[in-house]
Amino acid sequence: MAHPEALLDLIHRTPAAVELLTWPFDFDISRTDHVEAVKLESGDALEAVAGDGAGGTFFLCGDTAGQRPVLYADSEGQAGLIGRDLTAAIQLIVRAPYWRDCLGRVSGGLEAMRSVVPELEREYGDNGVDLDACRASLAGLLTLRLPPAADMLAGLLETVTLPGFVLLNEWGDAYEPISG
């Protein structure tokens, strides 16, 4: 499902998907207000589609006619692309809900990012969350294919460094890259 509006519409029409995306995957479609007014340096359109529990916001970039990469901006002044489109971003969020923790190791490359996955997966289980069951349920509800976590992290590593998606606050100051 490549068109972001179709995927967003399906999410909005599927209460069980909304619930799973909100927890444990921290993609809350009811939270679309960012902590401050922002715009893309390029002048391209920016549409907030969800927020997370830490005050971050997920934005679709560009107009509705073309491919719309997903930019994540945190509440601390960092931003970066996390998916080439909404499907890729949701696949990442569902397969690796701890993707932000993995980005903290981006300077060590993909292997360093992958090295923390078993521990992060275990933490969810220790908190009573069956991630595999949640993933399977959400994938079924949204007819979403879920590639392996390693593939999703490789895609994140490639996407987060793409040029041309600089987020500016209302004073024209650029957000720092989320890739460390």
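Shown above is the structure to which this text applies.
Rules and cut-offs
- Residues numbered from 1 in each chain as written.
- Predicted model: local features only at pLDDT ≥ 70, side-chain atom pairs only at ≥ 80, totals over all residues.
- Heavy atoms only, no water.
- 1 Å grid on protein atoms, 1.4 Å probe; cavity = no way out; pocket = protein on both sides within 12 Å on 5 of 7 lines; lining within 4 Å.
- Points joined across faces, edges and corners; volume = space filled by probe spheres on them.
- Helix = DSSP H or I, 4+ residues; strand = E, 2+ residues; numbered from the N terminus.
- Nonpolar A, V, L, I, M, F, W, Y, C, P; charged D, E, K, R; others polar.
- Pairing = 2+ DSSP bridges.
- Contact = heavy atoms within 4.5 Å.
- Axes fitted to C-alpha atoms, helices over the stretch in contact; angles between N-to-C directions.
- Patch = residues over 30% accessible without salt bridge, like charges linked within 9 Å, V, L, I, M, F, W, Y side chains within 5 Å.
- Areas by Shrake-Rupley, 256 points an atom, 1.4 Å probe, with all protein chains shown as cover.
- Salt bridge = Lys/Arg side-chain N within 4 Å of Asp/Glu carboxyl O.
- Lys, Arg positive; Asp, Glu negative; His and termini not counted.
- Charge placed at Lys NZ, Arg CZ, Asp CG, Glu CD.
- Parallel < 35°, antiparallel > 145°, perpendicular 65-115°, else oblique.
- Left-handed = near helix turned anticlockwise from the far one by under 90°.

Colleague: Please clarify how the layout of surface pockets should be interpreted in this entry.
Modeller: A probe as big as a water molecule, rolled over the atoms, marks out the empty space that is left. When its volume is computed, the largest pocket comes out at roughly 240 Å³. Lining the largest pocket are 13 residues, and of these Trp23, Pro97, Tyr98, Asp101 and Tyr124 sit closest to its centre. Elements represented by at least two residues in the lining of the largest pocket include exactly helix 4 (99-103) and helix 6 (117-126). Here the residues of the lining of the largest pocket sort into eight nonpolar, one polar and four charged.

Colleague: So what exactly am I meant to see when it comes to the sheet that holds strand 4 (residues 70-73) here?
Modeller: Sheet strands pair via backbone hydrogen bonds, and the direction of the pair is either parallel or antiparallel. Here we have five strands laid out as an open sheet, ordered 2-3-4-5-7, and mixed in their pairing. Edge strands, defined here as strands with exactly one partner in the open sheet, are strand 2 (46-51) and strand 7 (176-177). Bridging between strand 3 (residues 57-61) and strand 4 involves four bridges; their strand directions are antiparallel. Bridge pairing in strand 4 links Phe59 to Leu71. Sheet strands in contact with helix 3 (residues 86-95) are strand 3, strand 4 and strand 5 (78-83), and its direction is about 100 degrees off that of strand 5.

Colleague: Could you clarify how one ought to interpret a negative patch on the surface in this entry?
Modeller: There is a patch of like negative charges on the surface, built from Asp101, Glu119, Glu123 and Asp126. Examining the composition of the negative patch, we find that three residues originate from one element, helix 6, more than from any other. Of note, Asp126 is situated in helix 6.

Colleague: Can you help me understand the packing of helix 3 against helix 8 (residues 149-159) in this one?
Modeller: Where helix 3 meets helix 8, the axes come as close as 9 Å, and the angle between the chain directions of the two elements is 130 degrees. Here helix 3 is positioned oblique relative to helix 8, judged by the angle of their axes. Note on packing geometry: the crossing formed by helix 3 with helix 8 is left-handed. Facing helix 3, whose interface residues are Ala88, Gln91, Leu92 and Arg95, helix 8 presents Ala149, Met152 and Leu156.

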